[in-house]
2 protein chains.
Amino acid sequence: MSFDLTAYLPYLINRTGVELAAAFSREIAPHGVTLQMWRVLAALHHRDGLRISDLADLTSIDISTLSRLVGKMESRGMVNRRREPDADARVVAVALTPVGRATVRAIVPVARRYETVALAGFTAEEAAALKRMLVRVYDNLGGDALDSAA
Amino acid sequence: MSFDLTAYLPYLINRTGVELAAAFSREIAPHGVTLQMWRVLAALHHRDGLRISDLADLTSIDISTLSRLVGKMESRGMVNRRREPDADARVVAVALTPVGRATVRAIVPVARRYETVALAGFTAEEAAALKRMLVRVYDNLGGDALDSAA
DNA sequence: GCAAGATATTTGCAAATGCAAATACCGTGT
DNA sequence: ACACGGTATTTGCATTTGCAAATATCTTGC
């Protein structure tokens, strides 16, 4: 029944993610942005005009949380929400405002520095290998391989 | 101002961690255990009799959340809390009960299977390399390298 | 053209979370 | 022995979270 926590992948990923999130949150707080808001901003920087459900996929934030978060960001002038009249009237397209874009511009350098610190001591090849492996793990979880009984 | 989200390490780590957590949570729910409870149980399995603050370090759960969580787990009979009379009376040692140990025994196989699925297609060397790199990233974040201005 | 089932988003609500203050205890210097 | 600054845990409180129900819209089959 041995089970080595310190070599258990979910443990290693979780603690790294939590640490990264906590440190980064502290750093962007002065910009008036929470970590979740940054995730939305980064997703919209990646591709603007996303729908709420696309944002949920891209940010790993629950869709109902996002609905409220986007509302808050809208009231702060970072994004706007609109239903395209000519398209499916159920979907809400979220787009960056000039303020939102300026916020992204302000935070991207911080984000870059963060990655640099996280990967200190890594060669470019190692960093790329790590990222590739994380994508593979993510993809492994996507399927329904886990639905089967033990 | 380009910023490729899909190659951004914190993004890759976060989405993998969230996915892992969500899927695993679903799976252990029938055992009457939440993910956070499992983290506490796994930490105590790693080393029993830990104090609340040690548990916080090991599980990445906030200490005040842990205080309440351990209370709940105690009321469910999974752990007990005691202040050692001969030792520092401020500290609370948390220990697994027989019920807690049985729960660990029930969940460890699920956890093992999870790691297997997450690492499907990885050679043993690749898996080990991934884990080593995650430890390195975690260690990189530990210091105060991030406190300095950009 | 309309009923019935799908899909996108919002909202209700209870539980979880995290910061800060409160509490309880320890240790040192005098 | 005692005041004082430090440490461990708990508690107060406001915010965030996520599930499920409600709402609005679409789509398909008839």
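Residues numbered from 1 in each chain as written. Chains lettered and ligands numbered in written order. Predicted model: local features only at pLDDT ≥ 70, side-chain atom pairs only at ≥ 80, totals over all residues. Heavy atoms only, no water.

A short note on the relation of the copies chain B and chain A
Placing chain B over chain A gives an RMSD of 0.0 Å and needs a rotation angle of 180°, together with 0.0 Å of translation along the axis. These values place the two chain copies in the arrangement generated by a two-fold rotation axis. Mapped onto chain A, 100% of the interface residues of chain B are again interface residues, and the two copies thus contact each other with one and the same surface. (Least-squares fit on C-alpha atoms with pLDDT ≥ 70 in both. Contact = heavy atoms within 4.5 Å.)

Quick word on empty space enclosed by the protein
Evaluation of the coordinates by the stated rule reveals 1 cavity of 30 Å³ or more. As a volume, the largest cavity reaches approximately 240 Å³. Considering the residues around the largest cavity, the lining is formed by 19 residues, among which Pro10, Tyr11 and Asn14 of chain A together with Trp38 and Arg39 of chain B are closest to the centre. Of all elements in the fold, only helix H1 (9-28) of chain A together with helix H1 (9-28), helix H2 (35-46) and helix H3 (52-59) of chain B reach the threshold of two or more residues within the lining of the largest cavity. The dominant element in the lining of the largest cavity, judged by the number of residues it contributes, is H2 of chain B, at 5 residues. The residue makeup of the lining of the largest cavity, split by class, is 13 nonpolar, 4 polar and 2 charged. (1 Å grid on protein atoms, 1.4 Å probe; cavity = no way out; pocket = protein on both sides within 12 Å on 5 of 7 lines; lining within 4 Å. Points joined across faces, edges and corners; volume = space filled by probe spheres on them. Helix = DSSP H or I, 4+ residues; strand = E, 2+ residues; numbered from the N terminus. Nonpolar A, V, L, I, M, F, W, Y, C, P; charged D, E, K, R; others polar.)

Topic: the layout of surface pockets
To find leftover empty space, one rolls a probe the size of a water molecule over the atoms. Estimates place the volume of the largest pocket at around 660 Å³. Residue lining of the largest pocket: 32 residues in total, with Ala21, Leu35 and Arg39 of chain A together with Asn14 and Val18 of chain B positioned closest to the centre. Every element with two or more residues in the lining of the largest pocket is listed here: H1, helix H2 (35-46) and helix H3 (52-59) of chain A together with H1 of chain B. With 9 residues, H1 of chain A is the single largest residue contributor to the lining of the largest pocket. Counted by class, the lining of the largest pocket contains 20 nonpolar, 9 polar and 3 charged residues. There is about 170 Å³ of room inside the second largest pocket. Breaking the lining of the second largest pocket down by element, the ones donating at least two residues are H3 and helix H4 (63-75) of chain B. Split into classes, the residues belonging to the lining of the second largest pocket amount to 4 nonpolar, 2 polar and 4 charged.

Structural measurements only, silent on function.
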